2 protein chains.
Amino acid sequence: MGRTDVMPEPSAIQAYVNDETNRRFFFDNLCELLRCQSVSADSRYAGKLQECADRLACFGREYLDMAEAKVVPTAGHPCVIMHGRTVPNAPRVLIYGHYDVQPAEDLELWDTPPFEPCLKGHTLYGRGTCDDKGQFFMWLCALKTLRSVTGRYPLNITVVLEGEEEIGSAHFTSVLEEYRDELKADAVIISDTSSVVKGVPVLHYSLRGVMCFEVRLRTAACDLHSGVHGGVCTNAPREMAQLIAKLYDESSRVTVPGFYDNVLPIEPWEEERLAKVPFNAEEYSRQLGAELYGEAGFTTNQRRWFRPTLECNGICGGYTGEGSKTIIPASCTAKFSVRLVAHQKPEKVMDCLEKWFVENTPKRAELTFVRGEMTAPYLLEQSGTGAKLFAAAEEAVQKGFGTEPLICRNGGAIGVVAEFSRVFGVPTLLLGLGSPDDRTHGPNEKFEMDNFYKGIVAGAELLSILGRDTL
Amino acid sequence: MGRTDVMPEPSAIQAYVNDETNRRFFFDNLCELLRCQSVSADSRYAGKLQECADRLACFGREYLDMAEAKVVPTAGHPCVIMHGRTVPNAPRVLIYGHYDVQPAEDLELWDTPPFEPCLKGHTLYGRGTCDDKGQFFMWLCALKTLRSVTGRYPLNITVVLEGEEEIGSAHFTSVLEEYRDELKADAVIISDTSSVVKGVPVLHYSLRGVMCFEVRLRTAACDLHSGVHGGVCTNAPREMAQLIAKLYDESSRVTVPGFYDNVLPIEPWEEERLAKVPFNAEEYSRQLGAELYGEAGFTTNQRRWFRPTLECNGICGGYTGEGSKTIIPASCTAKFSVRLVAHQKPEKVMDCLEKWFVENTPKRAELTFVRGEMTAPYLLEQSGTGAKLFAAAEEAVQKGFGTEPLICRNGGAIGVVAEFSRVFGVPTLLLGLGSPDDRTHGPNEKFEMDNFYKGIVAGAELLSILGRDTL
């Protein structure tokens, strides 16, 4: 991959975004996008999603000089795929976003109508402002800026916008497979996360994976009368409780052999970066309404970002209605999820857990172990393309925001990142512009317009840098 | 209390019951009673319960020469109270039964209509045949027999028939309180239990009590995202599991201090009686579909009849629907019941349990302990009135059935027995005529007519003995 010889002046990008007319264009088009009720969970809005996808493809053709901008159908809501004109010998970057939003109910909890964007000061309120319309549209505006300032893109650009992220991206993998050749890029860029400090973007270089399973125990043919039979046999919830209790030791570590295999130690540079993330334990505890408590030997942020966890997500057995029913319950079910960290293999951890349950369930109980979905953890390697992507993003954020980004891991899982890694084997840069109080998924979702405009600058700068330096 | 001087010849009672015309009378009237759909749980049948009560009072007046036979209203279904003519200087016996029955649903599981009694060989099928119409009507037939054979009753007789036993006897205590003076007797007799051997009646000299409570744990203000926060705080089902697991030691004994206080050792005579109760462990295990397992140092029958137990009757927390939901559940609830044995005090055991939960719940979880209903355990004292009642019953069963009764404890609780003991302070004789396969509460409930006719003889003999000997 070569270099591009025409480079925009940093000041030119800044100047373009600061221009009032341009800002108005960005703002008005964002508001148009936000007015579209693209609620993927609710089939009544299917037409709105199609309309939203069409509008975005249109925007690409009209304002971004895309060589191709198409709406591709799926078995669910459509995807938008756009390609910039070919830049020979330059790398290709894939920008991902999702145009679908969460339902807005309960409407009464909103101070302003969710689908009528409302600017108060520098804050824009409305469903999708942060998650993810505001964040991905920032990238379209960055492309418009580059086009306008330099007359061309500094590298090959592909944009893919999904319409089912909020409902599990069920059909996105088949789009990746079907359009594999045209979507294959050297790197993926996503803005769909939030920072812990307002006004300071975050670079998430790692995501935890997630793995679900269910354990069912049966201890008798049916629930038994606790008077007639009480004492003569075991009790399913009691056996389940004994298994769950045995899963953890006194230092709150998971006792399953192999559970922590392949977990990387925290590198000195990571410790250093983590120390720069502002954190108030008391405030966090108050926010959760919970005492901070976890694996011995680790801090709270290490526990949620660097360590795997095993949670019982739900348990049910016997009589759970009003009053009492004096039975010996014959069965009990518990659901579990594991958060995996970089380098852990979901299948291997699942094998360890199943083996543990088989070995630790006494023969007086009959065990059924049901494997559920898995999403692999993600780590942006700090070498090769990953390292270059990261350095470029740091430089670009410095240019756009006048500050260095927070750099940390994220405890959650983002399915599409695992898919990009699995299908294309390329790194994903996660540049989060959301603020900690943006209330994504909740009522009165908002987005700080300072982050939007500065993000356009940073985005255009980032693409310029990636075009300038060999990715 | 004196003696009655007119005693029926044993052979006269036997002869009366063996007479075909008399048998037909007993059988026809039992069938009339069984046809009445006195389902207490279902308000649509309220009229049927009233009708059934009226019919029973009528039967008392017409065939039993009762001095008084009345239907007394309650806030629920009515009770029937009947008094025989006064026998001066003789003790008073209170015969208790319940004329209400369990619902018959699912009707498709019945081979013959539940409210149309059907005789096949010596077995009568129908709802209430065993529980409890067949068993209490046996006592009314015994009274009819005594009246017919001797022209009078050998002692003072009171009959009380309840209409809400199957729904918890909610209004029975107020009947006991309101009619205290006329119901007060020297002993209570109940036939509402089943034997473990077909054709051999059982004398239950002890019942377990029961005591319910609920434990609620809260570990956070609301369910938390297991990706964002997983690792930083505890998990309510996990804390509940740790508490439940800690309630039992490795020998399956309850670890709560004071839990076994006041539990009596098994007396040599009880061991002896217990040894006479036929028991096939393999068959029992197969019947339950469960492995036999319980408190170390005790046999299966000792565990269910002589030892207190603590069961988790139900547990619920977090997400329990289809698929998975990756949350850290903020709350978990578990319901428990304790089966208490003779001499244990429900309030004291409840205190021990609450104290244990308070002391063992870590401060990272917020505990709510909710006390539920309590029924005291019951033991027929083997001295004084209790001993005489028991000896008379053994003699009477020998006369009616030609065999000695099984004598054992019962693991269940019968609320009214605890009430008779509490309100009147008198012993209750539990003479069970049901067979182990009578399917009380289930479809195709049945009653062996041999037990019915022999029971009439034994009942009449028992009342004669109690009249002859000073109670």
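Parameters and conventions
Residues numbered from 1 in each chain as written. Chains lettered and ligands numbered in written order. Predicted model: local features only at pLDDT ≥ 70, side-chain atom pairs only at ≥ 80, totals over all residues. Heavy atoms only, no water. Helix = DSSP H or I, 4+ residues; strand = E, 2+ residues; numbered from the N terminus. Rg over C-alpha atoms; globule rule 2.2 N^0.38 Å. Buried < 20%, exposed > 50% of the residue type's maximum accessible area, 1.4 Å probe, protein only. Contact = heavy atoms within 4.5 Å. Areas by Shrake-Rupley, 256 points an atom, 1.4 Å probe, with all protein chains shown as cover. Lys, Arg positive; Asp, Glu negative; His and termini not counted. Charge placed at Lys NZ, Arg CZ, Asp CG, Glu CD. Salt bridge = Lys/Arg side-chain N within 4 Å of Asp/Glu carboxyl O. Least-squares fit on C-alpha atoms with pLDDT ≥ 70 in both. Buried area = accessible area lost by both parts, 1.4 Å probe. Polar contact = N/O pair within 3.5 Å; in protein donor to acceptor, adjacent residues only side chain to side chain. Nonpolar A, V, L, I, M, F, W, Y, C, P; charged D, E, K, R; others polar. Axes fitted to C-alpha atoms, helices over the stretch in contact; angles between N-to-C directions. Left-handed = near helix turned anticlockwise from the far one by under 90°. pLDDT = per-residue confidence, 0-100. Pairing = 2+ DSSP bridges. Phe/Tyr/Trp six-rings, centres within 6.5 Å; stacked < 30°, edge-to-face > 60°. Expected span 1.5 Å × (residues − 1). Arc of directions from axis to C-beta.

For the rest of this paragraph, the subject is the overall build of chain A. Helices and strands together make up the secondary structure of chain A, namely 14 helices and 18 strands. A compact globule built from 471 residues should have a C-alpha radius of gyration of about 23 Å, and chain A, at 25 Å, falls within 12% of that. By principal-axis analysis of the C-alpha atoms, chain A measures approximately 85 × 50 × 45 Å. Per-residue burial for chain A yields a buried fraction of 59% across its 471 residues. At a minimum sequence separation of 6, the contacts of chain A that also span at least 24 residues come to 80%. When the accessible surface of chain A is totalled, it reaches about 17700 Å², and 48% of it is carbon and sulfur. Within chain A, the 64 negative side-chain charges are centred at a point lying 2 Å from the centre of the 49 positive side-chain charges.

According to the stated counting rule, one finds 72 salt bridges over all chains in the structure shown. Of the charged contacts, one joins Arg-35 of chain B and Glu-32 of chain B as a salt bridge, the two residues approaching to 2.9 Å between their closest N and O atoms. Residue Arg-35 of chain B and its partner Glu-32 of chain B are both found in helix α2 (residues 20-35); the two are separated by three residues, about one turn of the helix. Exposure remark for Arg-35 of chain B: the relative accessible area of 33% places this residue in the partly exposed category. The partly exposed category is assigned to Glu-32 of chain B, whose relative accessible area is 34%. A salt bridge links Lys-198 of chain B to Asp-437 of chain B; its shortest N-O distance comes to 3.3 Å. Of this pair, Lys-198 of chain B sits in the loop between β7 (187-190) and β8 (202-207) while Asp-437 of chain B sits in the loop between β17 (428-432) and β18 (446-448), and the two are 239 residues apart along the sequence. The network of salt bridges with shared partners includes Lys-198, Asp-437, Asp-438, Lys-446 and Glu-448 of chain A.

By a simple turn and slide, chain B fits onto chain A: the slide is 0.2 Å along the axis, the RMSD is 0.2 Å, and the turn is 180°. Each copy turns onto its partner about a two-fold axis. Residue Ala-241 of chain B of chain B places its C-alpha closer to the rotation axis than any other residue of that unit, at 1.9 Å. A symmetric contact is evident, with 100% of the interface residues of chain B recurring at the interface of chain A.

Counting from both sides, the interface comprises 69 residues of chain B and, opposite them, 69 residues of chain A. Buried area between chain B and chain A, both sides added, is near 5200 Å², and the carbon and sulfur share of it is 53%. It is Val-232, Arg-238 and Tyr-293 of chain B that lose the most area in chain B upon contact with chain A, and together they represent 13% of the buried surface on that side. On the surface where chain B and chain A come into contact, there are 42 residue pairs in polar contact (both at pLDDT 80 or more). Here the side of chain B that touches chain A takes nine residues from strand β11 (residues 309-318) of chain B, the largest share from any one element. For the side of chain B that touches chain A, the residue count by class is 27 nonpolar, 27 polar and 15 charged.

The subject of this paragraph is unusual backbone geometry. Geometrically, the link from Glu-105 of chain A to Asp-106 of chain A is a cis peptide bond, its omega value of 5° lying close to zero. Tracing the backbone through its elements, the reader meets Asp-106 of chain A in the loop between β3 (92-98) and β4 (118-120). Residues Asp-131 of chain B and Asp-132 of chain B are joined by a peptide bond in cis, for which omega reads 0°. Summarising the element assignment, Asp-132 of chain B is placed in the loop between β5 (123-125) and α4 (133-150). If you check the backbone angles, Asn-89 of chain B has positive phi at about 60° while not being a glycine. Along the polypeptide, Asn-89 of chain B turns up in the loop between β2 (79-83) and β3 (92-98). Of note, His-343 of chain B is a non-glycine position whose phi angle comes to about 80°, a positive value. Here His-343 of chain B is to be found in the loop between β13 (331-340) and α11 (346-360). When its relative accessible area of 37% is taken as the criterion, His-343 of chain B is described as partly exposed.

Let's shift gears to the packing of helix α2 (residues 20-35) of chain A against helix α4 (residues 133-150) of chain A. Residue and element names in this part refer to chain A. At a closest axis distance of 10 Å, the pairing of α2 and α4 adopts a crossing angle of 140°. Note on packing geometry: the crossing formed by α2 with α4 is right-handed. Residues Phe-25, Phe-26, Asn-29, Leu-30, Leu-33 and Leu-34 of α2 lie in contact with α4, whose contacting residues are Lys-133, Gly-134, Phe-136, Phe-137, Cys-141, Lys-144 and Thr-145.

This brings us to the confidence of the model for chain A. Per-residue pLDDT for chain A has a mean of 95; in total, 98% of the residues score no lower than 70. Below a pLDDT of 50 lies the segment residues 1-5 of chain A, which in the model reaches 21 contacts outside its immediate sequence neighbourhood of four places, other chains included.

Here we come to the environment of Ile-190 of chain B. Residues and elements named next belong to chain B. Among the secondary structure elements, Ile-190 is positioned in strand β7. Taking the C-alpha atoms as reference points, Ile-190 and Trp-139, 51 residues apart in sequence, are found 9.3 Å from one another. For Ile-190, the contacting residues outside a window of four places in its chain are Tyr-96, Val-416, Val-417, Phe-420, Thr-428, Leu-429, Leu-430 and Leu-431.

Okay, the side chain of Arg-127 of chain B next. With respect to the helices and strands, the residue Arg-127 of chain B is situated in the loop between β5 and α4. In terms of polar contacts, Arg-127 of chain B uses its side chain to reach the backbone carbonyl oxygen of Pro-103 of chain B, at 3.0 Å.

It is worth spelling out the sheet that holds β18 of chain B at this point. Residue and element names in this part refer to chain B. An order of β4-β5-β18 is seen for the three strands of this open sheet, with the pairing classed as antiparallel. Looking at the sheet topology across the chains shown, the edges are occupied by β4 (118-120) and β18. Strand-to-strand, the axes of this sheet are offset by a mean angle of 25°, without reference to chain direction. By the bridge criterion, three bridges tie β5 to β18 in an arrangement that is antiparallel. Across the sheet, the residue bridging to Thr-123 is Glu-448, located in β18. Its contacts with the sheet place helix α14 (residues 449-468) against β4, β5 and β18, and it is angled at close to 55° to β18.

Residues and elements named next belong to chain B. According to the stated counting rule, one finds 44 aromatic pairs over all chains in the structure shown. Taken together, a centroid distance of 6.3 Å and an interplanar angle of 55° make the contact between Tyr-16 and Phe-26 tilted. Here Tyr-16 is found in helix α1 (residues 10-18), whereas its partner Phe-26 is found in helix α2, with ten residues between them in sequence. In terms of burial, Tyr-16 and Phe-26 fall into one category: buried. Their ring planes at 85° and their centres at 5.1 Å tell us that Phe-259 and Tyr-260 sit as a pair that is edge-to-face. For Phe-259, a relative accessible area of 0% corresponds to the buried category.

Moving on: the sheet that holds β4 of chain A. All names here are of chain A. On the basis of which strands lie adjacent, the open sheet formed by three strands has the order β4-β5-β18 and antiparallel pairing. Among the strands making up the open sheet, the edge pair consists of β4 and β18 (446-448). Neighbour to neighbour, the strand axes of the sheet diverge by 25° on average, direction disregarded. As judged from the three bridges shared by β4 and strand β5 (residues 123-125), these two strands associate in the antiparallel manner. The residue bridging Leu-119 from the neighbouring strand is Leu-124, located in β5.

Another point: α11 of chain B. Residues and elements named next belong to chain B. Taking 1.5 Å of rise per residue, 15 residues should cover 21 Å, and α11 covers 21 Å from first to last C-alpha, within 8% of that figure. Regarding α11, the residues found buried are Pro-346, Val-349, Met-350, Cys-352, Leu-353, Trp-356, Phe-357 and Asn-360. Looking straight down α11, one finds that the buried residues subtend no more than 160° of arc, so they occupy a single side. Facing away from the buried surface of α11 by more than 90 degrees, the exposed residues are Lys-355 and Glu-359. Along its buried surface, α11 packs onto β9 (209-218), α7 (236-246), β11, β13 and β14 (366-375).

Turning to helix α3 (residues 46-63) of chain A, a few remarks are in order. Side chains that are three or four residues apart share a direction in an α-helix, a result of its 3.6 residues per turn. Residues and elements named next belong to chain A. End to end, α3 covers 26 Å across 18 residues, agreeing with the expected 26 Å (1.5 Å per residue, within 8%). For α3, the complete set of buried residues consists of Leu-49, Cys-52, Ala-53, Leu-56, Ala-57, Phe-59 and Gly-60. End-on, the buried residues of α3 take up no more than an arc of 150°, which puts them together on one face. Of the surrounding secondary structure, the elements contacted by the buried residues of α3 are α2, β1 (68-72), β2 (79-83), α4 and β6 (156-162).

The next point concerns the pairing of β1 of chain A. All names here are of chain A. Pairing analysis gives five bridges linking β1 to β2, with the strands arranged antiparallel. Note on β2: the bridge partner recorded for Val-71 is Val-80. Taking the residues that link successive antiparallel strands as the turn, the β1-β2 hairpin has six residues.

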